[in-house]
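Below, each chain spelled out in residue letters.
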Amino acid sequence: MSRVRLELYLMELIGKMLRFEDIVESVTENYPTADVALLKKAYVFSGMVHQGQTRMSGEPYLIHPIAVSHILAELRMDMQCVVTGLLHDTVEDTHTTLEKIEELFGHEVASLVDGVTKISRLTFDKKQDREAENFRKMIFAMSKDIRVILIKLADRLHNMRTLDALRPDRQRAIARETMDIYAPMANRLGIGWIKTELEDLSFKYLDPDKYSFLTERVVQETDAWGKYIENVKAIIEESLQENGSKGTVTGRVKHLYSIDQKMEEQGVDFENIYDIIGFRVVVESLQDCYAVLGLIHSTWKPVPGRFKDYIALPKLNRYQSLHTTVVGPYGIRMEVQIRTAEMHRIAEYGIASHWKYKEDGEINPDDDKTFAWLRQLLEWQRDLKDTDEFMDSLKVDLFPEEVFVFTPKGDIKQFSIGSTPIDFAYAVHTDIGNRCVGAKINGKLVPLGTRLRSGDIVDIITSEIDRPRKDWLNHVSSARAKTRIRQWIKNEERTKSVALGTEILTQELKSHNLNLATLVESGMLEELAKAKFGLGSVESLYATIGYGKVSASNVLRSIVPEETASRQKQKFSFMRMLGRFKGSSRSAKSPVVVRGDDDIMVRYAQCCNPLPGDSIAGLTTLGQGLSIHSEDCANLMNVDSERLLEVAWAPDINITRPVNIEVLCRNEKGVLAEMTSAIRGADANISSAEIGTNPENRAVCTLVVDVRNTEHLKAIMLALKRVSKVMKVRRIKKGVANKDDERV
């Protein structure tokens, strides 16, 4: 493209977006000696590589990088960061390479661009895996240069501002991710205005009806609230003058999502919501903060229990302020925040207000306390390989309503609300957590599941004998504690599975006059583990046998020819070693196909009772073969991903499985006979039936019906719905959210 054509193209955009000069003005206001030539070079380059590209709205794509760059300038970021805003999508969405970016704009900018570039060229089995890996990469990049997340936040903020052009389902998906991850991330980094705007924008798409209702009501009350705010401001300013204090007073109506949350928490409608108006007093010194607090409390009555001193006990993101709620004029509750100008700057810009870098781009040790959370985030994200665990832990760590507790020596530790002594123990040291057997709070012995409260003194009791239990996961809230407990359980289960697998394989080989130790010493078993089963070591082979993922007989067949093995009179099979249990069968004769092995015992989980046609997953159980669950079974949520095995229903299967069906119907004579006839007409049999009534005097019938597959189940349920007295039919799956509910 010629330079003339490019300049005409850029000029054409000026009427549709922020001016390039707006970015320059913001940057030079904070950095008077900034290299504006580099900024212009990035602007021209971005325009050139994005030319011809449009957004979903039909607008030129260049509007987006310019808006992102301007947001970063508003955050008072340095020139390299603002330049990256203009270039952040060039590698992902154009043919530009990182090498080209480094050649034109330097290593620092190229590194930032790489940090915010999605992993779009890799292949993942599930969308969740892709999203998790994007977040992993972002967190790792953050650990090297915190500006990466600031660029991602600016990128997401502009995308949310322009979300109207997308389909409703995409709007909701992006809004949900923003509410779950990006808004809390902005909060953890202390950037208040971005957090607030992201929440309101997400709220708009997640609950559009409620958003519209609140918007309309707030607009209706604007005049009245405006007058009230001006009246209160005047009273506070007059009080400051009379007492010789200097300060700036502002008032506002709280943002829409905050109002919605208050309505939910208080269980009231809009008319009865209180504490909807807030005031902020910015003063000159720390002493002035507490002096003004006294003035506020002497003017209006404080609400008991609604005072918080975040100056003495700052939040994890370094937020400092005094918060108090008072009963203002006309009996209206209002929140007042009091802080210094420096505290206010940190409250608005958070991490962007005080980040410092050493020459290699790492975080300055002076900011160690500020970035402690980031280091913890990096630590546990390295430990979590399972996608679901990683995303769950990320979300948990992003909602840190703080509790302040003390060690016996008087040191303060911060935890999220809902934390227990187990969280405290793991925060002290992993070994303390693993050996924790009890706790004292304020000198009294308490259960380990006791919730911590601010001001508690916590003392952990340890033992060399006891070790973590799986049920601890129900009593911890911190990502660190959950990660350490899961690691210990995983290692313990692996140790047991290795021992069991070794015993099973030893016995299987012995029945064919083979010695395990000899095979190991020869290197044959290690070669077999790697070549045949794709495992890294002999120990991993033992573990997979112990878990039931690979059968010992399968290993044997790789060592001894099958015809030779079949002549052995005493075959000590893997399945005999796993034990005998009802409902078990070899997968060769089973309706379940197990990938990679045809000699695995399977049984059906009673918790979810899967039916042919349901999506299923196999869970290896120590010494008990493979348990078949529905994919959405709640019991699969917290298991180690290494224990899950890919399984599928075999084609042309012919079995029946018991299914629980609940029928809600009128409590009238003959209804059971009609339902029995309907089920018989659908070629099914009732094994058992229980009949009761609900408070509305409706009959509730729980039927156990023998069903062939999901299609057969649909036919049975349809036949029941055709009975005139039936009101509702559903399949009951224990431990699974019922998706089969249907009203007639």
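Residues numbered from 1 in each chain as written. Predicted model: local features only at pLDDT ≥ 70, side-chain atom pairs only at ≥ 80, totals over all residues. Heavy atoms only, no water.

K.L.:
How would you sum up helix H16 (residues 341-349)? Please name residues and give values.
P.N.:
Within H16, burial applies to Met-343, Ile-346, Ala-347 and Tyr-349. Along its buried surface, H16 packs onto helix H4 (63-74), helix H12 (192-206), helix H15 (286-299) and strand E6 (333-340). A positive phi of about 55° marks Gly-350, the residue just after H16. (Buried < 20%, exposed > 50% of the residue type's maximum accessible area, 1.4 Å probe, protein only. Helix = DSSP H or I, 4+ residues; strand = E, 2+ residues; numbered from the N terminus. Contact = heavy atoms within 4.5 Å.)

K.L.:
Just give me the short version of the sheet that holds strand E11 (residues 458-462), but keep the residues and values in it.
P.N.:
With antiparallel pairing, 3 strands are arranged side by side in an open sheet as E10-E9-E11. In this open sheet, the two strands that pair with only one neighbour each are strand E10 (444-446) and E11. Here the strands of the sheet are splayed against their neighbours by 35° on average, with no regard to which way each runs. With 5 bridges connecting them, strand E9 (residues 436-441) and E11 associate as antiparallel partners. Counted as the bridge partner of Cys-436 is Thr-462 from E11. Sheet strands in contact with helix H19 (residues 421-428) are E9, E10 and E11, and its direction is about 80° off that of E11. (Pairing = 2+ DSSP bridges. Axes fitted to C-alpha atoms, helices over the stretch in contact; angles between N-to-C directions.)

K.L.:
I'd like a rundown of the packing of aromatic side chains, residues and numbers included.
P.N.:
Within a pair of aromatic rings, the relevant descriptors are the distance that separates the centres and the angle that separates the planes. Applying the stated criterion across every chain, the model contains 7 aromatic pairs. Following the ring pairs from residue to residue traces out a cluster consisting of Phe-203, Tyr-211 and Tyr-257. Above the face of the Phe-533 ring, Lys-532 is positioned so that its terminal group lies 6.0 Å from the ring centre. (Phe/Tyr/Trp six-rings, centres within 6.5 Å; stacked < 30°, edge-to-face > 60°. Lys NZ or Arg CZ within 6 Å of the ring centre and 35° of its normal.)

K.L.:
Report on the environment of Gln-171, specifying residues and quantitative values.
P.N.:
Mapped onto the elements of the fold, Gln-171 is located in helix H11 (residues 168-188). Under the relative-accessibility criterion, Gln-171 is labelled buried at 12%. Distance in space between the C-alpha atoms of Gln-171 and Ser-202 is 8.8 Å, their sequence separation being 31 residues. What Gln-171 contacts, discounting residues up to four positions off in sequence, is Leu-163, Asp-164, Leu-166 and Tyr-205.

K.L.:
Explain the pattern of salt bridges residue by residue, including any values.
P.N.:
All chains considered together, the criterion is met by 24 salt bridges. The residue Arg-345 makes a salt bridge to Glu-342 at a minimum N-O spacing of 2.8 Å. Here Glu-342 and Arg-345 lie together in helix H16, a separation of 3 residues that amounts to about one turn. For Arg-345, a relative accessible area of 26% corresponds to the partly exposed category. Salt bridges linked by common partners bring Asp-78, Glu-108 and Arg-147 together as one network. (Salt bridge = Lys/Arg side-chain N within 4 Å of Asp/Glu carboxyl O.)

K.L.:
Run through the state of the cysteines, naming residues and quoting values.
P.N.:
Note on terminology: disulfide describes a covalent bond linking the sulfur atoms of two cysteines. Per the counting criterion, the structure on display carries 0 disulfides. The closest cysteine sulfur to the non-disulfide-bonded Cys-665 is located on Cys-701, 4.2 Å from its own sulfur. Its relative accessible area of 0% is what places Cys-665 among the buried residues. (Disulfide = S-S within 2.5 Å.)

K.L.:
Talk me through empty space enclosed by the protein; I want residue IDs and the actual numbers.
P.N.:
Scanning the model with the defined rule gives 2 cavities of 30 Å³ or more in all. Of the pockets and cavities examined, the second largest cavity occupies roughly 40 Å³. Together, Cys-608, Asn-609, Pro-658, Val-659, Asn-660, Arg-731, Ile-732 and Lys-733 line the second largest cavity. Sorting the residues of the lining of the second largest cavity by element identifies strand E19 (657-666) and strand E22 (726-732) as the ones contributing at least two each. Across the lining of the second largest cavity, the residue classes tally to 4 nonpolar, 2 polar and 2 charged. (1 Å grid on protein atoms, 1.4 Å probe; cavity = no way out; pocket = protein on both sides within 12 Å on 5 of 7 lines; lining within 4 Å. Points joined across faces, edges and corners; volume = space filled by probe spheres on them. Nonpolar A, V, L, I, M, F, W, Y, C, P; charged D, E, K, R; others polar.)

K.L.:
Quick rundown of the pairing of strand E15 (residues 616-621)? Include the residues and the values.
P.N.:
The buried fraction of E15 amounts to 6 of the 6 residues, a majority that puts the element mostly inside the structure. Of the two faces of E15, the one carrying Ile-616, Gly-618 and Thr-620 and the one carrying Ala-617, Leu-619 and Thr-621 are both buried. Of the pairings in the sheet, the one linking E15 to strand E17 (residues 644-645) comprises 2 bridges and is antiparallel in character. Opposite Gly-618, over in E17, you have Leu-645 as the bridge partner.

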